Amino acid sequence: MEHQPEEYYARLEKLTKLQAEGKDPFAVQKYERTHRCREVATAWPQIGGREVSVAGRLSAVRKHGKSCFFDLNDESGRLQAQARIDYLGEEGYAAFGDLDLGDIVGVRGEVFRTRTGEVTVAVRSWALLAKALRPLPEKYHGLRDVEVRSRQRYLDLIANVEAREAFRARSRMIQAARATLAARGFVEVETPVMQPIYGGAAARPFTTHHNTLDMDLFLRIAPELYLKRLIVGGLERVYEIARVFRNEGIDTHHNPEFTLLEVYQAYANYEDMMLLTERLVVAMAEAAVGGKVIEHKGERIDLSPPWPRLSFLGAIEEKTGVDLSALDRDDQAPDAAKKLGMDDVEVTSLAEVMDRAFEKYVQPGLIAPTFVIDYPVTMSPLAKRHAARPNITARFEPFLCGEEIGNAFSELNDPLDQRKRFEEQAAKRAKGEQEAHPLDEDFLLALEYGMPPTGGLGIGIDRLAMLLLDKPSMREVILFPLMRPEAAETAPDEAEDA
């Protein structure tokens, strides 16, 4: 075994002794609890003087001669208990004193209140349920090192109540989204994670290989094209809460593996999706923070509908004075970039110029919830054109706190137009644009059987959770974010708190 801290060996010695005495804590199969820790305190008026059984992690010990007070922590919170030599006997009390912080302990006893008014369990019997061989971080109630918290999430959840609450809030958000959609007749479905042709977004995929079929596959970048196949098949309202994978950079707002809610409704358009977006975001906010008003970097933001709408090209022109509406060819990109003051940036397409201009000049000011609408066709290969404006699509993106949280449009259901746009994307791929959409013949075949007018919506759950909970990074709302391997592992007890 590699070298470990001295305390590790001391704890290991205690475990070895217990096992030699036939008291192996890891042999315990089950422990019956009557209450969780926080429930004991809240139920005091009803259970005072009665016996309860609770269990949790030993987090603090305060010795007073022949008795000691200690704290147990479970998922619900903290509870104080008292061990006394006259209750446990000398041997039982001495054994209790041999416990270490971090051990998992079950206790049984009567509930009482101390002179200071704290609800406490007077321990009549106890059991060691698991021995912690490693000590908790030095500051049990304040693990702050972001690297340690993300890499060893179990320590973060042990040490930080707010971390546990953030992930509970995220869970409530997803439950609220499901309830909102179920109430409107949507069916939750599952589509393939491994796909022979990836699509539904502009992103680079991860690749894998199936040995038996001897074929390369891609981890999905979006479930969109499969969900629209279901619309073709007659399932008129479908959604998926999908884990998707994009082979892209990692920063506070991007993780290669993330959760995407995608919704499709037949006989609807992007106006209907705007209404649905407002309902979903408000429902998730109410579930996460208890209301429609959130805090973001000290600013209060009201999510109440209706949200304002802002033209994509109009917003760029308003901020820069440059009208891009007449442009429709990639060879116009360098001149457009120069007019926008971005000639120092190498661009390969008109869509890239427009996207970069929006991100630079418009997006930072979109703090209140806003729908940015009507994106150019060159940026929207899967969206339906406006009837009166063939270069513009019926597409919107919702923005909140300066961040894009989704994407939606009236879905393109013309198979001939879709084929033409796929071919245009294929030409871009041939020129080296890696994120251009691949041509999907099977999806085109499905469209040729007829897809009704359809509204589609995608919402990034992780980014929305980050914003609703006022977290600085998506790492704070993803339990196990992808991270670079450590050069050398650091023992948890050696990690310093920032």
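As the structure is a computational prediction, the values presented were derived from the model and not from experiment. (Residues numbered from 1 in each chain as written. Predicted model: local features only at pLDDT ≥ 70, side-chain atom pairs only at ≥ 80, totals over all residues. Heavy atoms only, no water.)

(A) Structural context of helix 7 (residues 161–182). Its 22 residues place the ends of helix 7 32 Å apart at the C-alpha level, agreeing with the 32 Å of an ideal helix rising 1.5 Å per residue. Three or more residues of helix 7 are buried, namely Ala-163, Arg-164, Ala-166, Phe-167, Ala-169, Arg-170, Met-173, Ile-174, Ala-176, Ala-177, Thr-180 and Leu-181. (Helix = DSSP H or I, 4+ residues; strand = E, 2+ residues; numbered from the N terminus. Expected span 1.5 Å × (residues − 1). Buried < 20%, exposed > 50% of the residue type's maximum accessible area, 1.4 Å probe, protein only.)

(B) Region of the structure containing the nonpolar core. Among the nonpolar cores identified, the biggest contains 45 residues, and Leu-280, Leu-303, Phe-396, Leu-400, Leu-457, Leu-464 and Leu-468 are the most heavily contacted of them. In contact with Leu-303, not counting residues within four places along its chain, are Val-281, Val-282, Ala-285, Lys-292, Ile-294, Pro-369, Leu-400 and Leu-468. Residues Val-322, Leu-340, Val-353 and Met-379 belong to the second largest nonpolar core, which totals 25 residues. (Core = buried A, V, L, I, M, F, W, Y, C linked by side-chain atoms within 4.5 Å. Contact = heavy atoms within 4.5 Å.)

(C) Structural context of helix 12 (residues 350–361). Its 12 residues place the ends of helix 12 16 Å apart at the C-alpha level, agreeing with the 16 Å of an ideal helix rising 1.5 Å per residue. Turning to helix 12, its buried residues number three or more, namely Leu-350, Ala-351, Val-353, Met-354, Ala-357 and Phe-358. End-on, the buried residues of helix 12 take up no more than an arc of 165°, which puts them together on one face. Check the buried side of helix 12 and you find it contacts helix 10 (312–320), helix 11 (333–339), strand 15 (370–373) and strand 16 (395–400). (Arc of directions from axis to C-beta.)

(D) Summary view of the pairing of strand 10 (residues 237–245). Bridging between strand 6 (residues 187–188) and strand 10 involves two bridges; their strand directions are parallel. The residue of strand 10 that forms the bridge with Glu-188 is Tyr-239. As paired elements, strand 10 and strand 11 (residues 257–266) share nine bridges and run antiparallel to each other. Across the sheet, the residue bridging to Phe-245 is Glu-257, located in strand 11. (Pairing = 2+ DSSP bridges.)

(E) Up close: the packing of helix 7 against helix 15 (residues 461–468). For the pair helix 7 and helix 15, interaxial distance at closest approach is 10 Å and the crossing angle is 120°. Classified by the interaxial angle, the pair formed by helix 7 and helix 15 is oblique. With respect to the hand of their crossing, helix 7 and helix 15 are arranged in right-handed fashion. Facing helix 7, whose interface residues are Arg-170, Met-173 and Ile-174, helix 15 presents Ile-461, Asp-462, Leu-464, Ala-465 and Leu-468. (Axes fitted to C-alpha atoms, helices over the stretch in contact; angles between N-to-C directions. Parallel < 35°, antiparallel > 145°, perpendicular 65-115°, else oblique. Left-handed = near helix turned anticlockwise from the far one by under 90°.)

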